[in-house]
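So you can see what is in the structure, the chains are spelled out below.
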Amino acid sequence: MRKTTTMALISLTCMAALAACEGPASETPDPIDPPDPPVATDDGLDLPATPYNYAEIDLPQHFQGPLAQDQDNTPLANPITNDGATLGRVLFYDTTLSKNGAVACASCHQQKDAFADTTRLSLGFEGGETGRNSMSVEGARYYRNGRFFWDERAATLEDQVLGPIQDPVEMGLTLEELVANVSAKSYYPALFEKAFGDPAITSDRISRALAQFVRSIVSYRSRFDEGIEAAGGNIAADFPNFTPEENAGKALFLGPAGGCAACHLDDGPPHPPPRRNNAFFFIAIPTNNGLDATTDIDDNGLGEITGNPEDNGRFKSSSLRNVALTAPYMHDGRFETLAEVVEHYNSGVKPHPNLDPRLRVQGSTEPRKLNLTPEQKASLVAFLKTLTDEELLVDPMYADPFEKASP
């Protein structure tokens, strides 16, 4: 169990050591500010005295154009602030947010797995299985319509972050219990005051802080990002840091032979759509990708929310960034490897009545077959692996603040 304390302890050892070493000098050098010491508590919470820079991350150029910025779903009423995201980080990792203290948000969205869960179905606070695979929350800020969950039942990220907390399988709290649990921890009043101007703890503020932290989780340091910068923003050029196989896979991804970019980088219907951006790899709308042939199944995704038969089998998709780390794939985790996913689009798409038009033979209701060679399929997988951001997996600003770093 974690212990609590009423105030953070800030070490003054470095300052004392500097004073002891002072001696007479003919001239006084300009003072050098020591680095900010950590703010530590005997509860195990370890935060820097100066918050990490969540609000103004130095993103590369292909994240900054007007089309890319148009993807940002951050509401004017809840911009990312350094103190707000810091509070959100603590909440994200705190098992206080579950009924028996067994799980946190981070239990199903692990940093080492690009904020996804590598089990097919995640386990809730009492060991029960969730209904779907846990989607990565990386890049949530750049899903343009701002709706969340596989079936898009949450209208905003602020709504979404409270959903698992209230789910009877996942975390099992009411909002009243959530506020009571958070209020019982001595480290929260100061964090809420920094984030919102006073120490009041409410479910709305918990929601806003969690959403700020999640929106700050952006993957932008992959080999793909290095390559497109080196190519002057020209995504179609051969990237100098890619192998021939990776460049071949990129060409397949972008071109008509693979057709992947038509969904993962372009806008939604009408078809063919315009290019939306070269950064986020989100499908702009929930789609039916032919996993099943009929609507006579247990999970019809968006159709179960809207009641519209034309929405049956349509699901939101996560970004392809870090996709090599987020297996298993699809809402039900049915595919274990990227090779299986590529083969699905190559030869396994089913003739569902709501199948996305981009996956049909033009002018027909039949699914399109790509007829890729083994070498082409391997090159697509090789390209997808270039989207892995190794730095994100160990970046301390997104790490568990209850785990002190090794000396």
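Note that the structure is a prediction, hence the values are computed from the model and not measured. (Residues numbered from 1 in each chain as written. Predicted model: local features only at pLDDT ≥ 70, side-chain atom pairs only at ≥ 80, totals over all residues. Heavy atoms only, no water.)

Asker: What am I meant to see in the overall build of the chain here?
Answerer: When its secondary structure is counted, the chain shows 15 helices and two strands. Within the chain, the proportion of its 407 residues that are buried is 51%. Expressed as a percentage of contacts within the chain between residues at least 6 apart in sequence, the contacts between residues at least 24 apart total 66%. Carbon and sulfur atoms make up 56% of the accessible area of the chain, which totals about 19300 Å². (Helix = DSSP H or I, 4+ residues; strand = E, 2+ residues; numbered from the N terminus. Buried < 20%, exposed > 50% of the residue type's maximum accessible area, 1.4 Å probe, protein only. Contact = heavy atoms within 4.5 Å. Areas by Shrake-Rupley, 256 points an atom, 1.4 Å probe, with all protein chains shown as cover.)

Asker: Sorry if this is basic, but what is going on with the packing of helix α11 (residues 244-254) against helix α15 (residues 374-385) here?
Answerer: The geometry of a pair of packed helices is captured by two quantities: the angle between their axes and the separation between those axes. One way to put it is that α11 packs onto α15 with a least axis distance of 7 Å and a crossing angle of 95 degrees. Compared by their axis directions, α11 and α15 come out roughly perpendicular. Contacts from E245, E246, A248, G249, K250, L252 and F253 of α11 reach α15 at Q376, A378, S379, L380, A382, F383 and L384. Its residues placed into classes, the contact of α11 with α15 shows eight nonpolar, three polar and three charged. (Axes fitted to C-alpha atoms, helices over the stretch in contact; angles between N-to-C directions. Parallel < 35°, antiparallel > 145°, perpendicular 65-115°, else oblique. Nonpolar A, V, L, I, M, F, W, Y, C, P; charged D, E, K, R; others polar.)

Asker: Would you mind going over the environment of D266 with me for this structure?
Answerer: Here D266 shows up in the loop between α12 (261-264) and α13 (302-306). Relative accessible area serves as the criterion here: at 10%, D266 is assigned to the buried category. For the pair formed by D266 and I283, sequence separation is 17 residues and the distance between their alpha carbons is 7.5 Å.

Asker: Looking at this structure, I do not really get unusual backbone geometry. What am I missing?
Answerer: Phi is mostly negative for residues that are not glycine, and the peptide bonds are mostly trans. Cis rather than trans, the peptide bond between A327 and P328 has omega equal to 0 degrees. Even without being a glycine, A114 presents a positive backbone phi close to 60 degrees. Position of A114 relative to the elements: it lies in the loop between α4 (105-108) and α5 (157-160). In the Ramachandran plot, F115 falls in the positive-phi region, its phi being about 65 degrees despite a non-glycine side chain.

Asker: Which parts of the structure should I look at to understand the environment of A257?
Answerer: Position of A257 among the secondary structure elements: in the loop between α11 and α12. Look at A257 and you get partly exposed, because its relative accessible area is 41%. In this structure, the C-alpha to C-alpha distance between A257 and N371, residues 114 residues apart in sequence, is 8.8 Å. Apart from the residues within four sequence positions on either side, A257 is in contact with L252, L370 and L372.

Asker: Explain the packing of aromatic side chains to me, please; I cannot follow it from the model alone.
Answerer: Centre-to-centre distance and the angle between the planes together describe a pair of aromatic rings. Across all of its chains, the model carries 24 aromatic pairs by this definition. Seen from their ring centres, F63 and F280 are 5.2 Å apart, and the 80 degrees between their planes marks the pair as edge-to-face. With a gap of 217 residues between them, F63 in the loop between β2 (46-48) and α2 (66-69) and F280 in the loop between α12 and α13 connect regions that are remote in the sequence. Each member of the pair, F63 as well as F280, is classed as buried. Their ring planes at 85 degrees and their centres at 6.3 Å tell us that F115 and Y398 sit as a pair that is edge-to-face. (Phe/Tyr/Trp six-rings, centres within 6.5 Å; stacked < 30°, edge-to-face > 60°.)

Asker: Sorry if this is basic, but what is going on with the packing of helix α3 (residues 82-93) against helix α8 (residues 188-196) here?
Answerer: Remark: α3 packs on α8, axes separated minimally by 7 Å, with the N-to-C direction vectors making an angle of 145 degrees. Along this stretch, α3 crosses α8, giving a crossing that reads as left-handed. Contact residues: D83, G84, L87, V90 and L91 in α3; Y188, L191, F192, K194, A195 and F196 in α8. Residues that form the contact of α3 with α8 fall into these classes: eight nonpolar, one polar and two charged. (Left-handed = near helix turned anticlockwise from the far one by under 90°.)

Asker: Looking at this structure, I do not really get the pattern of salt bridges. What am I missing?
Answerer: Taken as a whole and judged by the stated rule, the model has 19 salt bridges. A salt bridge links E391 to R221; the shortest N-O distance between them is 3.7 Å. Here R221 lies in the loop between α9 (203-216) and α10 (223-230) and E391 lies in the segment after α15, a separation of 170 residues in the sequence. Accessibility expressed as a relative area gives 44% for E391, which makes it partly exposed. We note a salt bridge from R334 to D292, for which the minimum N-O separation is 3.2 Å. With R334 in the loop between α13 and α14 (338-348) and D292 in the loop between α12 and α13, the pair connects residues that are 42 residues apart, well separated along the chain. The class of R334 is partly exposed, set by a relative accessible area of 30%. Assessed through its relative accessible area of 22%, D292 is described here as partly exposed. Each member of the salt-bridge network shares a partner with another, and the members are R132, D151, R153 and D299. (Salt bridge = Lys/Arg side-chain N within 4 Å of Asp/Glu carboxyl O.)

That is the geometry; function is a separate question.
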